[in-house]
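A closer look at the structure
Each chain is listed here by its residues.
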Amino acid sequence: MEKIVKQALLLDFYGELLTEHQRQVYTDVISEDMSYSEIAEEYGVSRQGIFDLVRRCEKILLEYEEKLRLVEKFSRARESMKDISDTMAVLKMKNTNPELSPLIERIEHRTEEILEDF
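Residues numbered from 1 in each chain as written. Predicted model: local features only at pLDDT ≥ 70, side-chain atom pairs only at ≥ 80, totals over all residues. Heavy atoms only, no water.

Attention now goes to the overall build of the protein. Within the protein, the regular secondary structure consists of six helices and zero strands. For the protein, the sequential pattern of α-helices and β-strands runs α-α-α-α-α-α. Its C-alpha atoms give the protein a radius of gyration of 21 Å, clearly above 13 Å, the size a compact globule of 118 residues would have. Structurally, the protein occupies a C-alpha span of about 70 × 30 × 20 Å along its principal axes. Buried residues in the protein amount to 28% of all 118 residues. Restricting the contact set of the protein to residue pairs at least 6 apart, pairs at least 24 apart contribute 54%. Across the protein, the mean location of the 17 positive side-chain charges is 6 Å away from that of the 26 negative side-chain charges. (Helix = DSSP H or I, 4+ residues; strand = E, 2+ residues; numbered from the N terminus. Rg over C-alpha atoms; globule rule 2.2 N^0.38 Å. Buried < 20%, exposed > 50% of the residue type's maximum accessible area, 1.4 Å probe, protein only. Contact = heavy atoms within 4.5 Å. Lys, Arg positive; Asp, Glu negative; His and termini not counted. Charge placed at Lys NZ, Arg CZ, Asp CG, Glu CD.)

This is how it looks when you write it as structure tokens:
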């Protein structure tokens, strides 16, 4: 998984467990793509201080993931739903039984809803 995507997912899942200051700084780096220097200037601290805080936040978030595995489970579930969606698209194309069409449509609709939530 690309590092930035993983960091963003970790922030989404566990960000509320950081302090407000940690969360804001980490969000500035990950979501707002601000440089350490820009953030340091905004908060009136050193660039090294921001660097250290971001590394500490990464460590904290990774420790939560090691224990809870929410990002891993989410990623697996999303991949499974995508596979189901792709399989249903093939089944729909090959289906010759009109009785199955409403069921296929229903499954397609439900998987689309779930994928939108992801």
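Take the nonpolar core next. Ranked by size, the top nonpolar core spans 19 residues in total, and within it V25, Y26, V29, I50, V54 and L61 carry the most contacts. Where this core is concerned, the elements lending two or more residues are α1 (3-14), α2 (20-30), α3 (36-43), α4 (47-68) and α5 (70-94). The leading source of residues in this core is α4, at five residues. Non-local contacts of V29, meaning those with residues more than four positions away in its chain, are made with M34, Y36, I39 and V54. (Core = buried A, V, L, I, M, F, W, Y, C linked by side-chain atoms within 4.5 Å.)

Right, let's get into the packing of α1 against α4. Close contact between α1 and α4 brings their axes to 10 Å; oriented N to C, the two are set at 75°. Between α1 and α4, the crossing angle belongs to the class labelled roughly perpendicular. Every residue of α4 that contacts α1 at K6, Q7, L10, L11 and Y14 is listed here: E58, L61, L62, Y64, E65 and L68. (Axes fitted to C-alpha atoms, helices over the stretch in contact; angles between N-to-C directions. Parallel < 35°, antiparallel > 145°, perpendicular 65-115°, else oblique.)

Attention shifts here to the environment of H21. Tracing the chain through its elements places H21 in helix α2. Judged by its relative accessible area of 42%, H21 falls in the partly exposed class. A sequence separation of 32 residues divides H21 from L53, and the C-alpha atoms of the two residues are 9.6 Å apart. Sequence-distant contacts of H21, defined by excluding residues within four places in its chain, comprise Y43 and L53.

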